[in-house]
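Structural overview for review
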Amino acid sequence: MIKSREKSLLLLSHYHRSRNSLVGIYSIDDLVYTQSVYFDADLVSLEQKYGKSALERIYANIFAVYAIVFYTFLPEKISLGPLSGYVTDELKQFV
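Residues numbered from 1 in each chain as written. Predicted model: local features only at pLDDT ≥ 70, side-chain atom pairs only at ≥ 80, totals over all residues. Heavy atoms only, no water.

**Observations regarding the pairing of strand β1 (residues 9-17)**
By the bridge criterion, 3 bridges tie β1 to strand β4 (residues 77-79) in an arrangement that is parallel. What sits directly across from Leu10, in β4, is Ile78. With 7 bridges joining them, β1 and strand β2 (residues 21-28) adopt antiparallel strand pairing. Across the sheet, residue His14 finds its bridge partner in β2, namely Ile25. If you look at the hairpin formed by β1 and β2, you'll find 3 residues sitting between the two strands. (Pairing = 2+ DSSP bridges. Helix = DSSP H or I, 4+ residues; strand = E, 2+ residues; numbered from the N terminus.)

Rendered as structure tokens:
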């Protein structure tokens with residue numbers, strides 16, 4: 001007999017921003033996945049110019065898009081963890 005799988009949470013547990021990259025750590029069930037995104041831009045300078053909050057709003061959207069690879073695990077919930085405060089209604093509809 002096949003057991004039904006419990007509904008799971010896809011979580012961006014934390015992220016790191018360097019000068020030209022973002023690294024996100026996602027987890028779902030007992031799997032951990034690291035996603036790195038590289039940019040031909042200076043993220044530190046952009047944060048100084050536009051503010052950390054403005055860039056974190058963009059980071060939330062980027063990490064939401066990269067979370068799509070986990071949709072095959074059919075998570076019941078998705079959380080952007082430290083960036084959850086930047087999730088808009090439009091982003092909720094997307095993910």
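There's more to say after this.
**So, the confidence of the model for the protein chain**
With 91% of its residues at a pLDDT of at least 70, the protein chain reaches an overall mean of 88. Mean pLDDT values for the elements of the protein chain range from 74 in helix α3 (residues 89-94) up to 97 in helix α1 (residues 43-50). (pLDDT = per-residue confidence, 0-100.)

**Thoughts on the nonpolar core**
In this structure, Leu22, Tyr26, Tyr59, Phe63, Leu80 and Leu83 are the most contacted members of the largest nonpolar core, which totals 20 residues. Of all the secondary-structure elements, those providing two or more residues to this core are β1, β2 and α2 (52-66). In terms of residues, this core owes the most to one element, α2, which gives 6 residues. (Core = buried A, V, L, I, M, F, W, Y, C linked by side-chain atoms within 4.5 Å. Buried < 20%, exposed > 50% of the residue type's maximum accessible area, 1.4 Å probe, protein only.)

**Some words on the pattern of salt bridges**
All told, the structure shown has 3 salt bridges when counted by the stated rule. In this structure, Arg17 engages Glu47 in a salt bridge whose closest nitrogen and oxygen atoms are separated by 2.9 Å. Separated by 30 residues along the polypeptide, Arg17 in strand β1 and Glu47 in helix α1 bring together distant segments of the chain. By relative accessible area, which is 12% here, Glu47 ends up buried. A salt bridge links Arg19 to Asp42, with the shortest nitrogen-to-oxygen separation between them at 2.8 Å. With Arg19 in the loop between β1 and β2 and Asp42 in the loop between β3 (31-38) and α1, this residue pair connects regions lying 23 residues apart in the sequence. Residue class for Asp42 comes out partly exposed when judged on its relative accessible area of 27%. (Salt bridge = Lys/Arg side-chain N within 4 Å of Asp/Glu carboxyl O.)

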